[in-house]
Amino acid sequence: MTIIDHLPIRFLADPPGLPPLLMMHGFLSSRNHWLPNLPALRGSRRIVLAELPGHGETRGCTDPSALHPDALADTLDEGRRALGIKSWSICGQSFGASITLRHALRHPGSVNAQIWTNGNRVVARPWSEEDLAANAARRARLATEGREALARERFHPRFARRFPAAIREILSRDADNCDIDTLVALMDHTTPNLSLRDRFAETRVPTLLVNGRLERPFQVHRDFAAAALPSMEVVDLEGGHSINIEQPEAFDAAVLDFLARIEPASPDRRS
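Reading the values: rules and limits
Residues numbered from 1 in each chain as written. Predicted model: local features only at pLDDT ≥ 70, side-chain atom pairs only at ≥ 80, totals over all residues. Heavy atoms only, no water. Buried < 20%, exposed > 50% of the residue type's maximum accessible area, 1.4 Å probe, protein only. Helix = DSSP H or I, 4+ residues; strand = E, 2+ residues; numbered from the N terminus. Pairing = 2+ DSSP bridges. Phe/Tyr/Trp six-rings, centres within 6.5 Å; stacked < 30°, edge-to-face > 60°. Contact = heavy atoms within 4.5 Å.

Q: Whenever I open this one, the pairing of strand S5 (residues 88-92) confuses me. Can you help?
A: Regular strands show a simple pattern: their side chains alternate between the two faces of the sheet. Across the five residues that make up S5, a large majority, five, are buried. Every second residue of S5 is oriented toward a common face, with Trp88, Ile90 and Gly92 on one face and Ser89 and Cys91 on the other, all of them buried. Pairing between strand S3 (residues 20-24) and S5: four bridges, direction parallel. Each bridged residue has a counterpart across the sheet, and for Leu22 the counterpart in S5 is Ile90. Here S5 pairs with strand S6 (residues 111-117) via four bridges, running parallel. Paired with Gly92 across the strands is Trp116, a residue of S6.

Q: In this structure, what is going on with unusual backbone geometry? I would like to understand it.
A: Most peptide bonds take the trans configuration, and most residues that are not glycine carry a negative phi. Of note in the backbone geometry, Leu28 takes a positive phi value of approximately 65° without being a glycine. Positive phi values are uncommon outside glycine, yet Ser94 reaches one of about 55°. Take Ser94: it is sitting in the loop between S5 and helix H4 (95-106).

Q: Is there a simple way to think about the packing of aromatic side chains in this case?
A: Here a ring pair, both rings aromatic, is described through the centre-centre distance and the interplanar angle of the planes. On inspection of all chains with the given rule, the structure shows five aromatic pairs. Feature note: the residues Phe27, Phe95 and Phe155 constitute an aromatic cluster, connected by ring pairs.

Q: Can you help me understand helix H8 (residues 180-189) in this one?
A: At 3.6 residues per turn, the α-helix brings residues three or four places apart onto the same side. Burial runs high along H8: seven of the ten residues are buried. The complete set of buried residues in H8 reads Ile180, Thr182, Leu183, Val184, Ala185, Leu186 and Met187. Here the buried face of H8 lies against helix H2 (64-67), H4, helix H5 (129-145) and helix H6 (147-152).

What follows is the structure, encoded as structure tokens:
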């Protein structure tokens, strides 16, 4: 295992030998978000796990210039180069999908193919004044009340009723250990700027959306993305926001089928 930990994003990479696949989790999660998928995916891919600032074992960061989505997307490319990878496939979930999709827009020559899952900010309309005010109020509560406020957030893993109990426990512990100052900074400098609605159609990288169709609010975004990028493949599965955890076998099958058609799983000396 190779670890890159001098950047705002922390990278943990399997040994070289197979085509590399970067995987990035969402807000208030960690590299453990992908635990249900690693056994199947590691059979044909070199897995590179990326952890957001202040999440998992990644150091905290409150620097606005490092936390803008463009900067985080560029940090992914720094990590790729530090690992000696010429090009890779990428996969992002929720908040992380906005970063990986942006990475493909900014560095298309570095990305062979990409997968993303439900992310309500990915192609959403820009926030209204009311949205911005609500976000500011949440930041203030988190900054003042700390982990007590964090535990009440509806996206805290402890509320994920479709998760297996063991995964829910692991991810809840990871969420509770996130750096509060970094979370506040991400909500301030990153979340309001995540949307790629105006640029999504510019995507030139082969793209797969694995959609958890039971998350009703995301379906309008799913339809917009499919219309904006007709070349994008969509696999709809019976699950919600974290479809890779709720339907791991079906998620893995969709990912491996897509990648096998785009990038056959032969040893990749570039990685």
